[in-house]
Amino acid sequence: MSEQVVATEQDLLLSRFPEVVKPDERKGYDGYIVDAKALLDFAKTLRDDLGYDYLSSVTGVDYLPEGKMEVVYHAYKTTGGAPLVFKVQVPRENPVVPSLVSIYPGADFQEREAWDLLGIKFEGHPNLKRILMWEGFHGHPLRKDWHEPYYEEEHKPYKSRWPEGKAFRAEDRNPFGKNVDYPAGFDPAKWTPDISDALIYEGLGRIDKPRDDLPTEQIIVNLGPQHPSTHGVFRMVVTLDGETIVDLEPVMGYLHRNHEKIGERNTWLMNMPFTDRLDYLSPMSNNFGYALAVEKLLGVKPPERAEYIRVIMAELTRIQNHIFAIGMFLNDMGAFFTPSLYAIEERELILDVFEAVAGSRMMVNYFRFGGVARDIPEDVMKKIHDLAFERLPRRIDELDRYLTNSEIVRARGEGVGVLPAEKAIAFSAAGPVLRASGVPYDVRRAEPYGIYDRFDFDVAVRYHGDVYDRYLIRMDEVRQSIRIIQQALKQIPEGPIMTGKPQYQHRVPPGESYGRVEGPKGELGFYVVSNGKGNPWRYHVRAPSFINLTALAEMTRGHKVADIVVILGSIDIVLGEVDR
Amino acid sequence: MSTDDLNSPEYKDKIPEELQGTVAITTLDRIYNWGRRNSLWPMMFGLACCAIEMICTAAARFDFARFGMEVMRSSPRQADVMIVAGTVTKKMLPQVVRLYNQMADPKYVVAMGACASGGGPFKEGYNVVSGIDKYLPVDVYIPGCPPTPQALIYGLMKLQQKVDKQSIKEVYSNAGKEIPIPVLGPDIMDPRDYEKIREYTLKKAEAEAQAATAAESAQSA
């Protein structure tokens, strides 16, 4: 985007909203600060007049020293380009912000998350309940003055353990010997758990709201969190009329592992291995996103060879994620485990590459700020070469031959779970889900990062927006990834793999940064705020699996019970990322 | 299994030589455990990253069908082993305990990976249970983050060795005993701890009240 365009955009916004919209002038910060009263009008202008139709990320930051709570929004144009960042600041004591769900429905879950973890109230939100923790949990855990039961200090490394290297069991310091704490004066005998939840666990809830034309009643059925089709611990509360889905409410948080709270205690580098465990099927992409975000703040650039290694690893990750997703998706369609066996066989070969370069099959912890941890040895390079030029293209064709025209895949996929393009954008769907709906939006093309602008590849796009297209698009993307790897293998130069010396402790200049990559599941973003110390002040993950689920209810309505499983499989969620 | 393994050593000489290939004298324990150890059906139950390695273990390259474990059951009623594969969160804990209660005896628990064994990298998290052994009896702990498929197979073989040593008399000794299901309160609550929780929160309230009065008197002074 040229300077000229930015200037006119800014002029337009500032002239249309005098007084209530100001540029954010803090050092290292970007975008606009919007008055809470003007937020809805501002967002409407962005969407309707300026073309920022895609709200990517909504999150909150607790600025405890200033006594402020800030909500940060990142909006994009689906035609590509840089984000427009806008913020709302409200007092910490009573943070109330108007909800943007009416303008950007994709804000739904993200606003609920901000309410759950930071206690920011979103006025006008249709369903402002906790989303990751349960109703009744004490406090809002991401607030800076909220302490977890095993609390020791604000920041790592803890003085009790470093530098002497003493270790102790946190359990021994807790009166219960467990990771628990209770508010003062609480009496368990008087406690009544959230009843709405308990009722659903009875298995069957009835709604006495008969349809006008038929004297039937609707029933509520609970799928999960222990259910073979949910790809982990995910739960769906489905309202049924006979076999037909009337409504569906996703319930998550069963794998909420507190990435963000732990991440804000950690030093910058300590977070790298934690990102592996977000979307544990594509660790290299997660590393990539976090490294980008912090490198923006640090102002370092990896050397050429490292850039190529990053691309090769990220694309290998995409391939293994997609073929695993296709295998599991066929599982959901009822082809129990046989297609998965084919998929896992190929995935194992890629995991071998990861193990050889990083030392671990899944949790690679491979990227560093300004490079990668280790170089690719010669024999592993040959292995990647064989995979990219020989084995993978052949095996993808084989999967294609077996599956794509299979009658079952077509019958259960075509026309099921349709998400039209405009709705996909409105719900902030990302990655294959968005592109299968006919929106050719790929971060690698829309806002190229790393060295993706050098490669020749097509943005895969399909136009029906149904389950079958979401399957096809993964096939297409695997082929494109193979193309990118082939080019990268030909171009990769010799040279160093790190800029500067490897170090454990980074001094990151104050400011905010949003690093995003096109992960296998969609746009994976890391929003980090630094206050110049050795730890991130805020560490937020824009998780594509989580936000893609916003559209799940829309996709399933009107279909049959058995289709839920297939539709969920076609979104390809990983619970580590949904719940974080 | 050859008859040599099946025979109890002390009876081996008592079998006439011509019948040694076809007749075995053994204890009920031995033959019962022989059947059980080779058909340990795991529950299809994944919590986090470790579940992916569990799937890989079931797949072609590692294939734990070789140990009679390929029949993964989604229903706890049909499963013998609960492989706790991943981080147990407080929100998920009531369901995990309920699933354990629903399994038929004899039942076993394998804590797969660092998180299930002791909280792992997420131990300090406010929603993480620091080890499933705080609530369920664990038979085998498998270290690793996540454990490789080889490690999982090794852990399951250790479980088979444990089964070998059990007697039919003790196998059902815990039958029908249920573990009280934790309740989601302001934090997770074990019903067995209620008395302790009340004592703790009362003490905490008193301490807070004292601190408040101390602050007040300091202010007025």
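Residues numbered from 1 in each chain as written. Chains lettered and ligands numbered in written order. Predicted model: local features only at pLDDT ≥ 70, side-chain atom pairs only at ≥ 80, totals over all residues.

Q: Describe the sheet that holds strand β14 (residues 511-519) of chain A, with residues and values.
A: Residue and element names in this part refer to chain A. Taking strand neighbours across the sheet as the criterion, the three strands line up as β14-β15-β16 in an open arrangement whose pairing is antiparallel. Only two strands of the sheet have a single neighbouring strand rather than two, namely β14 and β16 (536-542). Pairs of neighbouring strands in the sheet enclose a mean axial angle of 15°, with direction left out of account. Examined bridge by bridge, strand β15 (residues 522-530) and β16 share six bridges and lie antiparallel to one another. Following the sheet pairing, Y527 is matched in β16 by H540. Contacts between helix α7 (residues 283-298) and the sheet are confined to β14 and β15, with β14 contributing the most and set at about 150° to the helix. (Pairing = 2+ DSSP bridges. Helix = DSSP H or I, 4+ residues; strand = E, 2+ residues; numbered from the N terminus. Axes fitted to C-alpha atoms, helices over the stretch in contact; angles between N-to-C directions. Contact = placed C-beta atoms within 7 Å.)

Q: Can you explain the nonpolar core? Please cite residues and give values.
A: Formed by 221 residues in total, the largest nonpolar core has its most connected members in A:V294, B:M82, B:V84, B:V110 and B:M112. A per-element tally of this core places helix α8 (residues 304-333) of chain A first, with 17 residues. When near neighbours in sequence (up to four residues on either side) are disregarded, B:M112 contacts B:C50, B:M54, B:I83, B:V84, B:A85, B:I142, B:P147 and B:L152. (Core = buried A, V, L, I, M, F, W, Y, C linked by C-beta atoms within 7 Å. Buried ≥ 20, exposed ≤ 12 C-beta atoms within 10 Å, placed from the backbone.)

Q: Break down the domain arrangement of chain B for me, citing the residues and quoting the values.
A: The domain architecture assigned to chain B consists of domain 1 (3-36), domain 2 (41-171) and domain 3 (190-220). The centre of domain 1 of chain B, based on its C-alpha atoms, is set 66 Å off from the matching centre of domain 3 of chain B. (Domains from an automatic or database assignment.)

Q: Which residues make up the environment of B:A59, and what are the values?
A: Within the secondary structure layout, B:A59 lies in the loop between α3 (49-58) and β1 (81-85). Here the alpha-carbon distance between B:A59 and B:R198, two residues 139 residues apart in the chain, equals 49 Å. Dropping the residues within four chain positions of it, B:A59 is found in contact with A:L341 and A:I344.

Q: So, the pairing of β14(A): which residues are in play, and what are the values?
A: If a strand is regular, its side chains alternate between the two faces of the sheet. All names here are of chain A. Where burial is concerned, most of β14 is hidden: eight out of the nine residues are buried. As paired strands, β14 and β15 are joined by nine bridges and run antiparallel to one another. Of the residues in β15, the one forming a bridge with E512 is V529. Connecting β14 to the next strand, β15, in antiparallel fashion are two residues.

Q: Any details on the interface of chain A and chain B? Residues and values, ideally.
A: With 52 residues of chain A at the contact, the number on the chain B side is 51 residues. Counted by class, the side of chain A that touches chain B contains 31 nonpolar, ten polar and eleven charged residues. (Nonpolar A, V, L, I, M, F, W, Y, C, P; charged D, E, K, R; others polar.)

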